Amino acid sequence: MRRILSVLLSALLLFGGAAQAALCVRMDDAAALLDRDGREIVPPGTYADIVPLGDEHFAAQGEDGAWALMDGDGALRTGFLYETLRIKDGLCMAQKDGRWGLLKDDGTPGSSFAYSCILPNGTGGAWAIVGDRNAGESDALSLISATGLVWATGVRVLDVGEGAASLLSVQLPGSGLYGCVDASGNLTIPAEYAYIGDFINGVAPAVDGGKYGAIDIAGAWVVAPEYDFLQISPSGFLLATRDDGIYVFDSTGARLARYAGEDVYAALVGDGFYVVSNPDAIRLYDASNALLLEADPLASFTEGVNGQLILSDGAWGEGCVHLLGTDTAYQNLYPLGTAGETPLYASLTVNVGRYVNDRLGEIQLSTDMDSARYGVVNGAGEQLLEPVYRALYFLEDDRLLARTDGDWRVIDSQGTVYWSCDAPMQTEATSF
C-alpha cells in the first residue's frame, strides 16, 4: 500500500500543477508534448524526458542528462545547460555548475549564476545567498529585483527558511536565533526565536524556550510558546499538543477546544479538518470545531479533491473506501484532479488474499498487484469509467494518461481517446 501511495504522489507531483495549454505525457521510456486534442507538439523520443514546470513552461532533458527550458509550443528557449529548472511564484530558477541563477521568460539569464540558494520574495524578485547553508558561517543576504538588479540587504545569515507571505525566516550569526526579513530586505521580526516556520494565513509556528507557539507577521505571539508541537492548517486554525491534552485555536489565538485523556491523538486532515482518536473511536471535526463524523478507531481519513475527504473504515483490499457523504464503496480511491468543477478519482480493483500465518498467529494479506486495474470516479462517488486500466495519471482539465495492456492513451473522463502510443511498457511499472 505504501508503494501505491508513493507512486501516486509522484504522479501528482509530476502532473498535478496548474492547467497548461500543452499536455506533458510521461511514459516508462518516453515523453511527449501534446495539445488537448492529441496532436503531437513534441513527438515521443525527441527528448530523454519532459517535465511540466508551470506557467506554460516545460523542462526538456537531453541525452547527457542536462535540461533546457521549453515553451508550450515545443520551442527550446535555452540550450541544454542546466542541472535543475524550477518555477515558483512566476520566478524561473535554474542551476548551472552547482550554482543558482534566474532566467527571463525568453530564456536569457536574469541574473548571474553565483548563488547557493535563491527564493522568490513574493514581489517578482528573490532573496539570494552565495555561501553554503550547511557550512556554519555567516553570509550576506542579497535581493535580486524583477529586472535583475542585485543589492545587499545588510543582513548576514547562517541559514534561511523557505519564504512565505513576503517574509523569509533567517537564522542570524552570534545568537543563532531566528527572525524574519521582508521583501525589501528589512529585518521586520527581530531574531528572538529558536525557530520560525512558514507563515500560513499570516501565522507561523515558532519556538522559544524549547516550546512551540505561533506568531503573527509582526512577531507578536498569537499562541504562547507552551506546547510540545504545533501545526497550522491551510485554512488557518492551529493544532497544538502538550502533556495535558490537545488544543485547537483559531487564527487569532482564541481557543476552540481541548481534548484530554490517555492515548488521545490528533492530526490535521486536508485543508480544513482535523481528527482526534482514542482507543474507542476516531472523530472528524471541521475548522469551527463541529463534529462531523465518529468512526471505528482503525478508520482513516485522507484528503481528496476540492476539499472532499476519503474515508477508509475497513481492512485493506475490502470494499470499504468511499468519499465522505457518498454511499458507493471501493477497494481504494486516489485523488486525480478536476474536470471543470467535477472532482475525479482513480478507483482500484485488485485481487487480495488472506491467510493465517501460523508462526505469527495472525491473519496476513497477499496482494496480486499485477491484477490491479484502475477506473475513474466522480465527486459523487459514481463510477465514470470501469476499472480496466493498468495505470491512470492526471494531466490537466479532463485529460488523463491511461495505460492499457497494449498501449498508452490520452483520454477524458468519458473514455474518449485523443491519442495513443505503443511505447514499451516496463514490467516494474505495472504495479503502480
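Values in this document were obtained by computation on a predicted structure and should not be read as measured data.

Trainee: Just checking my understanding: could you explain the pairing of strand S4 (residues 49-54) for this structure?
Mentor: Where a strand is regular, its side chains alternate between the two sheet faces. Counting buried positions along S4 yields 6 of 6 residues, so the element is predominantly enclosed. Judged by which residues are buried, S4 turns out to be covered on both faces: Asp49, Val51 and Leu53 on one side and Ile50, Pro52 and Gly54 on the other are all buried. Relative to strand S5 (residues 57-61), S4 runs antiparallel, the two being bridged by 5 bridges. Bridge pairing links Pro52 to Phe58 in S5.

Trainee: I tried to follow unusual backbone geometry on my own but got confused; where do I start?
Mentor: Trans peptide bonds make up the majority, and among non-glycine residues the majority have a negative phi. Positive phi is not limited to glycine here, since Asp263 has a value of about 55 degrees. Tracing the backbone shows Asp263 in the loop between strand S25 (255-259) and strand S26 (265-269). Residue classification places Asp263 among the partly exposed residues on the basis of a relative accessible area of 45%. For Asn306, which is not glycine, the phi torsion reads 55 degrees and is therefore positive. With respect to the helices and strands, Asn306 occurs in the loop between strand S30 (300-303) and strand S31 (309-312).

Trainee: What is the right way to look at the environment of Val157 in this model?
Mentor: Mapped onto the secondary structure, Val157 falls in strand S13 (residues 150-157). Since its relative accessible area comes to 1%, Val157 is described here as buried. For the pair Val157 and Ser169, spaced 12 residues apart in sequence, the C-alpha separation works out to 9.9 Å.

Trainee: So what exactly am I meant to see when it comes to the nonpolar core here?
Mentor: It is characteristic of soluble globular proteins that their nonpolar side chains tend to be buried jointly. Core analysis: the largest hydrophobic core is formed by 19 residues, its most contacted members being Leu348, Tyr374, Leu392 and Ile411. Listed by contribution, the elements that provide at least two residues to this core are strand S33 (332-339), strand S34 (342-357), strand S35 (362-378), strand S36 (383-389), strand S37 (391-396) and strand S38 (399-403). In this structure, Leu23, Val25, Ala391 and Tyr393 belong to the second largest nonpolar core, which totals 14 residues.

Trainee: I tried to follow the packing of aromatic side chains on my own but got confused; where do I start?
Mentor: The geometry of two aromatic rings is summed up by the distance between their centres and the angle between their planes. Following the criterion strictly, the structure yields 12 aromatic pairs and no others. Residues Tyr178 and Tyr195 carry aromatic rings whose centres are separated by 6.3 Å and whose planes lie at 65 degrees to one another, so their mutual orientation is edge-to-face. Of this pair, Tyr178 sits in strand S16 (residues 178-182) while Tyr195 sits in strand S18 (residues 195-196); the two residues are 17 residues apart in sequence, bridging distant segments of the chain. The interplanar angle of 70 degrees and the centroid separation of 5.8 Å between the aromatic rings of Tyr227 and Phe249 together place this pair among those described as edge-to-face. Note that Tyr227 is positioned in strand S21 (residues 221-227) and Phe249 in strand S24 (residues 245-249), a separation of 22 residues in sequence. Relative accessible area serves as the criterion here: at 5%, Tyr227 is assigned to the buried category. Take Phe249: its relative accessible area is 6%, and that puts it in the buried class. We note Arg399 situated over the ring of Tyr418; from NZ or CZ to the ring centre the distance is 3.9 Å.

Trainee: Please clarify how the pattern of salt bridges should be interpreted in this entry.
Mentor: Any two side chains of opposite charge can pair, on the condition that their charged atoms come close. Scanning the entire structure with this criterion turns up 15 salt bridges. Linking Glu396 and Arg36 is a salt bridge whose minimum nitrogen-to-oxygen distance equals 2.7 Å. Here Arg36 lies in the loop between strand S2 (31-34) and strand S3 (40-42) and Glu396 lies in strand S37, a separation of 360 residues in the sequence. With relative accessibility at 8%, the residue Glu396 sits in the buried group. On the basis of relative accessible area, Arg36 is assigned to the partly exposed category, the value being 29%. With a shortest N-O distance of 2.6 Å, Lys211 and Asp228 are connected by a salt bridge. One end of the pair, Lys211, is in strand S20 (residues 211-216); the other, Asp228, is in the loop between S21 and strand S22 (229-232), with 17 residues separating them in the sequence. Residue classification places Lys211 among the partly exposed positions, given a relative accessible area of 31%. By sharing partners, the salt bridges in this structure join Asp370, Arg373, Arg390 and Asp405 into a single network.

Trainee: What's the story with the pairing of S13 in this structure? I'm lost.
Mentor: Looking at chain direction, strand S12 (residues 139-144) and S13 are connected through 5 bridges and run antiparallel. Paired with Ala140 across the strands is Arg156, a residue of S13. Hairpin geometry of S12 and S13 is characterised by an intervening segment of 5 residues between the two adjacent antiparallel strands and by a positive phi of about 95 degrees at Gly148.

Trainee: For this particular structure, what's the right way to read the sheet that holds S4?
Mentor: Strand-to-strand pairing in sheets goes through backbone hydrogen bonds, with the strands running parallel or antiparallel. Read across the open sheet, the 3 strands follow the order S4-S5-S6; overall the sheet is antiparallel. Two strands lie at the open edges of the sheet, namely S4 and strand S6 (67-71), each paired on one side alone. Taking the axes of each pair of neighbouring strands and ignoring which way they run, one obtains an average angle of 30 degrees across the sheet.

Trainee: Teacher, can you tell me more about the side chain of Asp139 here?
Mentor: Following the sequence through the fold, Asp139 ends up in strand S12. Only 2.8 Å separates the side chain of Asp139 from the backbone nitrogen of Val130, close enough to count as a polar contact. Polar side-chain contacts of Asp139 include one of 2.9 Å to the backbone nitrogen of Gly131. Sequence-distant contacts of Asp139, defined by excluding residues within four places in its chain, comprise Ile129, Val130, Gly131, Val155, Arg156 and Val157.

Here is what the cut-offs are and how they apply
Residues numbered from 1 in each chain as written. Predicted model: local features only at pLDDT ≥ 70, side-chain atom pairs only at ≥ 80, totals over all residues. Heavy atoms only, no water. Buried < 20%, exposed > 50% of the residue type's maximum accessible area, 1.4 Å probe, protein only. Helix = DSSP H or I, 4+ residues; strand = E, 2+ residues; numbered from the N terminus. Pairing = 2+ DSSP bridges. Core = buried A, V, L, I, M, F, W, Y, C linked by side-chain atoms within 4.5 Å. Phe/Tyr/Trp six-rings, centres within 6.5 Å; stacked < 30°, edge-to-face > 60°. Lys NZ or Arg CZ within 6 Å of the ring centre and 35° of its normal. Salt bridge = Lys/Arg side-chain N within 4 Å of Asp/Glu carboxyl O. Axes fitted to C-alpha atoms, helices over the stretch in contact; angles between N-to-C directions. Polar contact = N/O pair within 3.5 Å; in protein donor to acceptor, adjacent residues only side chain to side chain. Contact = heavy atoms within 4.5 Å.

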